[in-house]
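Examining the three-dimensional arrangement
Chain residues, written in single-letter form:
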Amino acid sequence: MRSWQTKSASQQSVREIFAGPVTRDDRQLFWLLAGLVSLDVAVAAYLSLFPIDAGFLYFIVGIMFGASVLIGVGSLRFKHHYSAAGFFWFLASIGAFQAWNIVIMWASLLSRWWTHNQPGYHIGIGAIVGLIPLVIGIWKLCKKLTRPMSSSNRSV
């Protein structure tokens with residue numbers, strides 16, 4: 001085995017990190033994700049009610065900017081407040097959400113669902129479909145948070 005292929009005993013696999021314990025402070029990650037859902041719904045509602053040309057670009061840029069801000073906030077607080085498992089679920093949820101929204105954007109553009117002569121509610125429908133991975137990530141994180149924690153996992 002080559003030196004770059006060796007795995008030290010202190011390194012965990014991604015599966016082990018996702019399955020790891022969470023702390024009470026990880027509940028703040030739930031609220032950060034809920035804030036991203038709120039931003040998504042607010043931008044989609046605005047662009048649906050007041051359609052503008054290339055509204056899909058404003059939508060995608062808006063949620064990307066919002067997600068970047070939330071990742072920045074989470075990253076600054078990660079070292080002292082969040083568990084690795086909670087923070088990985090947070091990042092994976094946002095990553096899947098962003099990737100899925102890019103897929104929806106391109107599918108909508110290629111199918112001409114989001115064109116200048118289409119009604120504004122098409123962006124709202126696309127945004128609702130785009131929330132699927134984020135809602136699943138929130139659900140999985142909440143499921144981990146509501147599991148009883150062992151005394152070694154609890155934050156003081």
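Rules and cut-offs
Residues numbered from 1 in each chain as written. Predicted model: local features only at pLDDT ≥ 70, side-chain atom pairs only at ≥ 80, totals over all residues. Heavy atoms only, no water. Helix = DSSP H or I, 4+ residues; strand = E, 2+ residues; numbered from the N terminus. Buried < 20%, exposed > 50% of the residue type's maximum accessible area, 1.4 Å probe, protein only. Areas by Shrake-Rupley, 256 points an atom, 1.4 Å probe, with all protein chains shown as cover. Phe/Tyr/Trp six-rings, centres within 6.5 Å; stacked < 30°, edge-to-face > 60°. Core = buried A, V, L, I, M, F, W, Y, C linked by side-chain atoms within 4.5 Å. Contact = heavy atoms within 4.5 Å. Lys, Arg positive; Asp, Glu negative; His and termini not counted. Salt bridge = Lys/Arg side-chain N within 4 Å of Asp/Glu carboxyl O. 1 Å grid on protein atoms, 1.4 Å probe; cavity = no way out; pocket = protein on both sides within 12 Å on 5 of 7 lines; lining within 4 Å. Points joined across faces, edges and corners; volume = space filled by probe spheres on them. Nonpolar A, V, L, I, M, F, W, Y, C, P; charged D, E, K, R; others polar. pLDDT = per-residue confidence, 0-100. Axes fitted to C-alpha atoms, helices over the stretch in contact; angles between N-to-C directions. Parallel < 35°, antiparallel > 145°, perpendicular 65-115°, else oblique. Left-handed = near helix turned anticlockwise from the far one by under 90°.

A count of helical and extended segments in the chain gives six helices and zero strands. The proportion of buried residues among the 156 residues of the chain is 37%. Working note: accessible area of the chain is about 9,700 Å², and carbon and sulfur atoms make up 67% of it.

Another aspect to go through is the environment of Pro-119. You can see Pro-119 is positioned in the loop between α4 (84-110) and α5 (121-130). You can call Pro-119 partly exposed: its relative accessible area is 34%. When the C-alpha atoms of Pro-119 and Leu-49 are compared, they prove to be 9.6 Å apart, with 70 residues separating the residues in sequence.

The tally for this structure, following the rule as stated, stands at three aromatic pairs. When the ring of Phe-30 is compared with that of Trp-31, the centres are 4.8 Å apart and the planes differ by 75°; the resulting orientation is edge-to-face. Where Tyr-46 meets Phe-50, the ring centres are 5.2 Å apart and the plane angle is 50°; that geometry is what we call tilted.

Let us look at the nonpolar core. Within the largest apolar cluster, 31 residues are counted, with the highest numbers of intra-cluster contacts made by Leu-29, Leu-33, Leu-36, Phe-59, Phe-90 and Leu-134. Contributing elements (two or more residues each) for this core: α2 (27-49), α3 (55-81), α4, α5 and α6 (132-146). Of the residues forming this core, the biggest block, eight residues, is contributed by α4. Ignoring any residue separated from it by four or fewer positions in sequence, one finds Leu-29 in contact with Tyr-82, Gly-86, Phe-87, Phe-90 and Leu-141.

Turning our attention to the side chain of Asp-26. Examined against the element boundaries, Asp-26 turns out to sit in the loop between α1 (14-19) and α2. Comment: no salt bridge for buried Asp-26; closest opposite-charge side chain is Lys-144, at 8.2 Å.

Here we come to the side chain of Ser-83. Within the secondary structure, Ser-83 is located in the loop between α3 and α4. In this structure, Ser-83 is in contact with Pro-21, Val-22, Thr-23, Asp-26 and Phe-78, ignoring residues within four places of it in sequence.

If you add up the space inside the largest pocket, you get close to 190 Å³. As for the largest pocket, its lining consists of 16 residues, of which Ile-52, Gly-55, Thr-115, His-116 and Ile-123 are closest to the centre. At the level of secondary structure, the elements contributing two or more residues to the lining of the largest pocket comprise α3 and α5. Residue composition of the lining of the largest pocket, by class: nine nonpolar, six polar and one charged.

Attention now goes to the confidence of the model for the chain. Looking at the chain as a whole, the pLDDT averages 79, with 84% of positions reaching at least 70. Considering only residues more than four positions removed or in separate chains, one finds that residues 151-156, a stretch of pLDDT under 50, has eight contacts.

In this section: the packing of α2 against α4. Taken N-terminus to C-terminus, the directions of α2 and α4 make an angle of 15°; their axes are 10 Å apart at the nearest point. When the axes of α2 and α4 are compared, the pair comes out roughly parallel. Crossing handedness for the pair α2 and α4: right-handed. Across the interface between the two elements, Leu-29, Leu-32, Leu-33, Leu-36 and Asp-40 of α2 pack against Gly-86, Phe-87, Phe-90, Ser-93, Ile-94 and Phe-97 of α4. Among the residues forming the contact of α2 with α4, the class breakdown is eight nonpolar, two polar and one charged.

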